[in-house]
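Structural overview for review
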Amino acid sequence: MNIVVCIKQVPDAKDVRLDPETNTLSRDGVKSVINPYDRHAMEEGVRLKEEFGGRVTVVSMGPPQAKAILQEAISCGADDAILVSDRAFAGSDTLATTYTLSQAIKKTGGVDLVLCGKQATDGDTAQVGPGLAVRLDMAYVTCVKKINTVTDKVVVLERMMDDGYDEVEVDLPALLTVVKEVNTPRFPSIRGLRKARAYDIPSYTAADIGADPAQLGLGGSPTQVVRVWPPEPKGNRTMLEGSVDEIAEKLAEIFHESSIG
Amino acid sequence: MDHFLSEDQQAIVDLAKQISREMVIPKRVHYDETEEYPLDIVETLAKSDFFALFVPEEYGGLGGGCYDIVLALEQIGYGCVGIATAYAASALGAYPIIIGGSEELKQKYLPKVATGELRAAFGLTESNAGSDAGGIQTTAVLDGDEWVLNGTKQWITNGGQAHIYTIIAITDPHKGARGASMFIVEADDPGFSCGPKEKKMGIRCSATTELIMKDCRIPKDRLVGRRGTGFITVMKTLDKSRPGIASLGVGLAQAALDEAASYAKVRHQFGKPIIAFQAVQHMLADMAIETESARTLLYAAARHIDAHPKDMSKVSAMCKVKATDVAMKVAIDAVQVLAGYGFMREYPVEKMMRDAKILQIYEGTNQIQRNVIGQELNKEYTK
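Residues numbered from 1 in each chain as written. Chains lettered and ligands numbered in written order. Predicted model: local features only at pLDDT ≥ 70, side-chain atom pairs only at ≥ 80, totals over all residues. Heavy atoms only, no water.

1. Some thoughts on a negative patch on the surface
Residues and elements named next belong to chain A. Selection criterion: The patch calculation keeps residues exceeding 30% relative accessible area without a salt bridge and links them within 9 Å when they carry like charges or within 5 Å when they are nonpolar (Val, Leu, Ile, Met, Phe, Trp, Tyr). Each accessible area is a Shrake-Rupley result for a 1.4 Å probe, and residues are judged covered by the shown protein chains and nothing else. For this analysis, a salt bridge means a side-chain nitrogen from Lys or Arg found within 4 Å of a carboxyl oxygen belonging to Asp or Glu. Charged residues are defined here as Lys and Arg on the positive side and Asp and Glu on the negative side; His and the ends of the chain fall outside this count. Lys charges are placed at NZ, Arg charges at CZ, Asp charges at CG and Glu charges at CD. For the purposes of this entry, the term helix denotes a DSSP run of H or I that reaches at least four residues, the term strand denotes a run of E that reaches at least two, and both are numbered from the N terminus. Exposure is judged per residue with a 1.4 Å probe applied to protein chains only, and the accessible area is read against the type maximum: over 50% gives exposed, under 20% gives buried, and values in between give partly exposed.
Taken together, the side chains of Asp245, Glu246, Glu249, Glu253 and Glu257 present a region of like negative charge at the surface. For Asp245, the position within the fold is in helix H6 (residues 244-257). Given the relative accessible area of 62%, Asp245 is considered exposed.

See the structure below:
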């Protein structure tokens with residue numbers, strides 16, 4: 001089974017700063033890491049390979065620095081890694097990103113299963129997984145919390161819902177986006193680190209993936225970010241003090257008065 | 001201090017440090033208080049190839065040298081000497097096979113030790129045989145195609161957690177030092193059992209039990225090396241393992257120094273952080289001097305051992321004594337710097353002080369190490 005895992009380099013959430021003028025994420029001097037959800041997708045790919053056989057290829061679209069996360073993926077058990085990198089990709093929204101990634105994935109040959117994190121912690125759109133599935137003409141399931149079995153035809157899994165979970169059987173090829181409950185990502189291994197040091201990560205350009213220039217980057221992105229601003233604080237805050245019983249009583253009064261209760 | 005590690009060694013250090021910081025440190029209080037065996041961490045170390053590190057390449061390992069192993073253990077010991085002991089005990093238990101085992105025994109056991117599927121333990125100490133290994137009373141008698149072992153080993157690390165035990169037993173009582181032989185006993189061999197887990201001052205999560213052999217029958221081919229070579233295998237095993245204990249000492253000393261110095265920066269008395277007082281500064285300075293001296297000797301010893309594997313007894317004993325005596329001293333001083341808080345279990349230094357003590361005792365007390373060094377000197381100056 002050929003498994004492709006899409007991963008993205010994002011600023012470390014522990015170290016996030018906003019540019020005070022543009023209100024966009026400031027990436028200068030901020031440590032870059034693998035998007036935390038993608039780390040779970042990567043682990044699931046490697047776990048499935050170990051249990052059911054196959055090969056795991058990790059793909060990332062990003063600047064040349066993104067090779068670092070691909071190397072990390074190799075050290076954690078991925079077989080191959082591909083960077084998709086070209087100045088023409090700059091300014092891509094999720095539509096252009098899914099186009100670019102789908103072209104790169106098609107170039108890797110037959111793929112049975114594509115795994116993505118449910119969303120990236122920088123943009124938080126959760127659109128790339130489903131969008132990519134449409135581009136690749138695959139079924140998709142989002143927010144997967146457990147993969148039970150994989151055969152050469154289907155995957156049986158559990159999809160996280162607000163009030164429990166759905167059990168889903170989906171035909172292959174398919175794309176799944178995973179939540180963090182799906183597994184505990186492993187640490188690298190010494191062998192993996194040695195392999196990663198020796199691994200020369202190929203870098204695909206727009207021409208390499210046979211992409212239509214009109215669908216790439218800023219030009220291929222209908223999304224226009226008009227303004228970014230921090231949300232205004234709403235309402236007043238009241239701290240209640242006293243014993244648990246006293247606080248509960250005051251709270252009930254407030255609810256009653258404000259007709260919530 | 002820059003020790004000019006190779007790229008590969010630095011990668012081993014970084015990975016061991018990552019596991020130590022992200023997994024060992026957050027869980028060490030739990031394991032100290034519950035005294036549970038840290039199976040999840042041991043399995044994580046196995047998955048990340050730390051068991052393969054000490055197994056030769058031809059048996060599925062990475063064939064790491066003494067220096068590589070020492071670097072890894074230092075970082076794990078930095079997090080918790082108890083958890084590091086639970087890991088390192090498998091190396092100690094496997095060394096007799098690596099040193100003296102037949103090709104068949106190596107092929108049978110070592111690939112599974114390398115993956116962590118089999119954990120090992122080393123059975124030397126008995127109630128009347130510790131520093132004086134000559135007092136061993138466990139016997140092994142050949143009965144047809146089987147050896148029959150009888151006796152009790154004491155304070156065996158990984159007891160009850162290991163799958164294979166390398167055990168020294170007397171095969172020819174009248175032959176003195178040449179009368180002992182090394183065997184591999186499997187956990188489910190008939191007549192073999194482990195006693196209850198001992199209650200210890202420190203390294204509480206590492207399992208320490210008696211090993212009881214009552215007419216324990218094992219196949220004839222589980223003899224490690226030739227009959228009568230058991231003591232030599234023991235001595236070579238301990239020579240090889242002692243730098244590992246030294247690295248736990250260096251890791252612990254560094255952790256205690258880090259805790260003490262960080263605390264001294266934030267603890268204010270008389271309107272200043274206590275690190276501004278010379279009395280505290282001098283204590284920290286001595287801790288730093290001693291820790292780096294121990295580390296430098298350890299790394300030099302490890303390089304020497306990798307280059308001259310037949311000449312390791314003296315340097316191996318020297319780095320063990322130095323690093324573990326330093327660990328004890330630095331841990332005591334760290335508790336002193338943290339004073340009242342240091343005495344509380346809320347802070348990690350009291351555990352470090354409890355854990356440090358065993359380093360001066362196990363795998364040969366520091367007094368026995370000095371005997372080894374003294375005897376080597378005696379030989380050198382006779383030439």
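2. Focus: the interface of chain B and chain A
Just so we agree on the cut-off: The contact definition used throughout considers only heavy atoms, calling two residues in contact when any of these lie within 4.5 Å. Note on terms: buried area is the combined drop in 1.4 Å-probe accessible area of two parts once they are placed together, counting the loss on both. N or O atoms within 3.5 Å of each other form a polar contact, as long as, within protein, one can give a hydrogen and the other can take it, and as long as residues adjacent in sequence are counted only when both atoms are side-chain atoms.
The interface of chain B with chain A comprises 19 residues on the first partner and ten residues on the second. Of the roughly 1300 Å² buried between chain B and chain A on both sides combined, carbon and sulfur atoms contribute 58%. In terms of surface lost to chain A, no three residues of chain B exceed Asp8, Asp49 and Leu62 of chain B, which account for 35% of the buried area on that side. At the boundary of chain B and chain A, one finds three salt bridges. Between Arg197 of chain A and Asp8 of chain B there is a salt bridge, with its nearest N and O atoms 2.6 Å apart. The tally of links from chain B across to chain A stands at eight residue pairs in polar contact (both at pLDDT 80 or more). For the side of chain B that touches chain A, the elements supplying multiple residues, two or more each, are helix H1 (7-34) and helix H2 (39-47) of chain B. In terms of residue count, the dominant contributor to the side of chain B that touches chain A is H1 of chain B (nine residues).

3. Focus: the sheet that holds strand E8 (residues 113-117) of chain A
All names here are of chain A. Let me state the cut-off plainly: If DSSP finds at least two bridges between two strands, the strands pair. To obtain each axis, a line is fitted to C-alpha atoms, and for helices this fit is confined to the stretch in contact; angles are then taken between N-to-C directions over 0 to 180 degrees.
Strand order in the open sheet formed by nine strands is E11-E10-E9-E12-E8-E1-E6-E7-E13, with mixed pairing between adjacent strands. At either margin of the open sheet sits one strand with a lone partner, and together these are strand E11 (164-171) and strand E13 (203-204). Sheet topology places strand E7 (residues 80-84) next to E13; two bridges connect them, and they run parallel. When the sheet's bridge partners are listed, Leu83 is paired in E13 with Ser203. Packing of helix H2 (residues 67-75) onto the sheet brings it into contact with strand E6 (55-61) and E7, and relative to E7 it is tilted by some 170°. In the packing of helix H3 (residues 94-107) onto the sheet, the strands contacted are strand E1 (2-6), E6, E7, E8 and E13, and the crossing angle to E6 comes to about 145°.

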